[in-house]
Amino acid sequence: MTSTKSFAISKRMVYEAWKRVKANRGAAGIDAQSLAEFEENLANNLYALWNRLASGSYFPPPVKEVSIPKRNAGVRILGVPTVGDRVAQTVITRYLEPILDPLFDEDSYGYRPGRSAIDAVRVTRERCWRFDWVLEFDVKGAFDGLDHGLIMKALRKHTDCKWALLYVERWLKAPSMSEAGELRRRDRGTPQGGCVSPLILNLFMHYAFDRWIRREVPHCRFARYADDAVVHCQTERMAHWVKQRLAERFAACGLELHPDKTRIVYCRDSKRQAEYPVTQFTFLGFTFRPRSAKSRAGKLFTSFQPGVSREALKRMRQHIRSWHLPRQSPGTLAEFSAKYGATLRGWWNYYGSFYPSAVWPVFRHFDLALAYWARRKYKRLAGRQRESRHWLAQVARRAPRLFVHWRLWFAIDRTLGAV
């Protein structure tokens, strides 16, 4: 039977996209419809969406602007699409990703299957041992500054799929709605928060940065995660030259280096002892700086290593405080494990990957909160800090699998009695 639809978008493609959207969860868009509400009438919602996508009549609704605080100062505006629009974007992303991803550079790590931030940190650590200088940079408002014409030019170079090109262009031009209800038109950029936006950013940065630096300075290595990147140079002079040329390159592409997040860093260690005002940088939540290390022979030396950043430590401690553990006196440790254990494991699996001793204070902070909880819950421990910590140590010995750091603590021959 011949299809009467304009585009070869199948119902299966829409359903598979829905499964990914559901797994990723996320907030409601401007229609205030949650994932659960969308699923209540799933068959009809997906059929209507497929019908519009396949006929070419789908126009994305405005994205909902949500302000979230930045790590240092100011706010970042996220664009939250509706559930249905996230499904539609995922259909196109799933189609384009197998076409575009193989083109991307091996040192591009952000939003790519089979690659992670940990991979980027690992390769950066190894190159800091081989290169004396690092140019750290961040693109100011990268998602907001992308040139629509350049995006579509790059996309047409790799696909002639009419419906993919049509819908990407419509998403680029789709307006956003502010928190005050004001509708804003868009002539540049792509909403940070959309499902297709990371792929668009990677495509843009592939031509604006990755291919350019491979061509212009092939002896310098780099690692990029979305709009955050580092470039390794052998000399300070080369680092300054790359910085200047990179600023010119981004200006030609309509982008700008972030003035506060772009700097040249000297990778000081035991072998590199020259004087330079900047000897550390932060990349993907890790601060790279001179740190004490021990050789296999047991000799102490200084190594340029990544460890969890001060900002990340602060955020994790604030997150623990937001749980208000001492106030949950009716709760149990098993309930806390079920509720917060996954978050603690995530922190350890990420920030404990490099120089793990730097992240231990976060888990110590958590244990102190548990000891405070115990003093409020059990009368015999009320007002007795030392006894409450001793009690917690005994529990940890009996049930080390309740929390990831308890298991690790005893595995490396440490004791909770020191907290």
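Residues numbered from 1 in each chain as written. Predicted model: local features only at pLDDT ≥ 70, side-chain atom pairs only at ≥ 80, totals over all residues. Heavy atoms only, no water.

**As for the overall build of the chain**
Of the regular secondary structure elements, the chain holds 15 helices and eleven strands. Expressed as lengths along the three principal axes of its C-alpha atoms, the size of the chain is roughly 75 × 60 × 40 Å. Taking all 419 residues of the chain together, 48% fall into the buried category. Sequence-distant contacts, at least 24 apart, represent 67% of the contacts inside the chain between residues at least 6 apart. For the chain, the exposed surface amounts to about 21,400 Å²; the carbon and sulfur share of it is 50%. (Helix = DSSP H or I, 4+ residues; strand = E, 2+ residues; numbered from the N terminus. Buried < 20%, exposed > 50% of the residue type's maximum accessible area, 1.4 Å probe, protein only. Contact = heavy atoms within 4.5 Å. Areas by Shrake-Rupley, 256 points an atom, 1.4 Å probe, with all protein chains shown as cover.)

**Here we look at the pairing of strand 10 (residues 286–294)**
Relative to strand 10, strand 9 (residues 281–283) runs antiparallel, the two being bridged by three bridges. Paired with F283 across the two strands is F286, which belongs to strand 10. Between strand 9 and strand 10, which pair antiparallel one after the other, the connecting turn spans two residues, and L284 there sits at a positive phi close to 60°. Alignment of strand 10 against strand 11 (residues 300–308), held across nine bridges, turns out to be antiparallel. When the sheet's bridge partners are listed, K294 is paired in strand 11 with L300. Between the antiparallel neighbours strand 10 and strand 11 lie five residues, among them G298 with a positive phi of about 90°. (Pairing = 2+ DSSP bridges.)

**Details of the packing of helix 9 (residues 197–216) against helix 10 (residues 236–252)**
With their axes 11 Å apart at the nearest point, helix 9 and helix 10 run at an angle of 145° to one another. The two elements helix 9 and helix 10 cross, and the hand of that crossing is right-handed. Seen from helix 9, the contacting residues are M205, Y207, A208, F209, W212 and E216; seen from helix 10, they are R245, L246, R249 and F250. Residues of the contact of helix 9 with helix 10, tallied by class, amount to seven nonpolar, no polar and three charged. (Axes fitted to C-alpha atoms, helices over the stretch in contact; angles between N-to-C directions. Left-handed = near helix turned anticlockwise from the far one by under 90°. Nonpolar A, V, L, I, M, F, W, Y, C, P; charged D, E, K, R; others polar.)

**Some details on the nonpolar core**
Residues I9, V231 and F250 are the most contacted members of the largest nonpolar core, which totals 71 residues. Per-element accounting of this core gives the leading share, eleven residues, to helix 9. In contact with I9, not counting residues within four places along its chain, are V14, W50, L53, A54, V91, W163 and Y167. Grouped together as the second largest cluster of nonpolar side chains are 53 residues, F336, F363, L370 and V395 included. (Core = buried A, V, L, I, M, F, W, Y, C linked by side-chain atoms within 4.5 Å.)

**Digging into the confidence of the model for the chain**
Here the chain averages 92 in pLDDT, while 96% of its residues score no lower than 70. Confidence over residues 413–419 falls short of pLDDT 50; this stretch has 17 contacts with residues more than four positions distant or in other chains. (pLDDT = per-residue confidence, 0-100.)

**Thoughts on the sheet that holds strand 1 (residues 63–69)**
The strand order 2-1-4-5 describes an open sheet built from four strands, whose pairing is mixed. At either margin of the open sheet sits one strand with a lone partner, and together these are strand 2 (75–80) and strand 5 (183–184). Of the strand pairs in this sheet, strand 1 and strand 2 are connected by six bridges, and their pairing is antiparallel. When the sheet's bridge partners are listed, E65 is paired in strand 2 with G79.

**Comments concerning the environment of E126**
Inspection of the secondary structure puts E126 in helix 5 (residues 117–130). When the C-alpha atoms of E126 and F304 are compared, they prove to be 9.5 Å apart, with 178 residues separating the residues in sequence.

**A look at the packing of helix 1 (residues 11–24) against helix 3 (residues 42–55)**
Look at helix 1 against helix 3: their axes get within 10 Å of each other, and the N-to-C directions meet at 125°. Taken together, the axis directions place helix 1 and helix 3 in an arrangement best described as oblique. The crossing of helix 1 and helix 3 is right-handed. Of the residues in helix 3, those in contact with K11, V14, Y15 and W18 of helix 1 are L42, L46, Y47, L49, W50 and L53. Each residue belonging to the contact of helix 1 with helix 3 can be placed in one class, and the counts come to nine nonpolar, no polar and one charged. (Parallel < 35°, antiparallel > 145°, perpendicular 65-115°, else oblique.)

**Quick word on the pattern of salt bridges**
Applying the stated criterion to the full structure yields 21 salt bridges. Its salt-bridge partner being K22, residue E39 comes within 2.8 Å of it at the nearest N-O pair. Linking E39 in helix 2 (residues 35–40) with K22 in helix 1, this pair joins segments that are 17 residues apart in sequence. Judged by relative accessible area, which is 32%, E39 ranks as partly exposed. The residue E216 makes a salt bridge to R245 at a minimum N-O spacing of 3.4 Å. A residue pair is termed long-range when its members are at least 10 positions apart, and E216 in helix 9 and R245 in helix 10 qualify at 29 residues. Counted as one network, the salt bridges with shared partners bring together D105, E106, D107, R127, R214 and R221. (Salt bridge = Lys/Arg side-chain N within 4 Å of Asp/Glu carboxyl O.)

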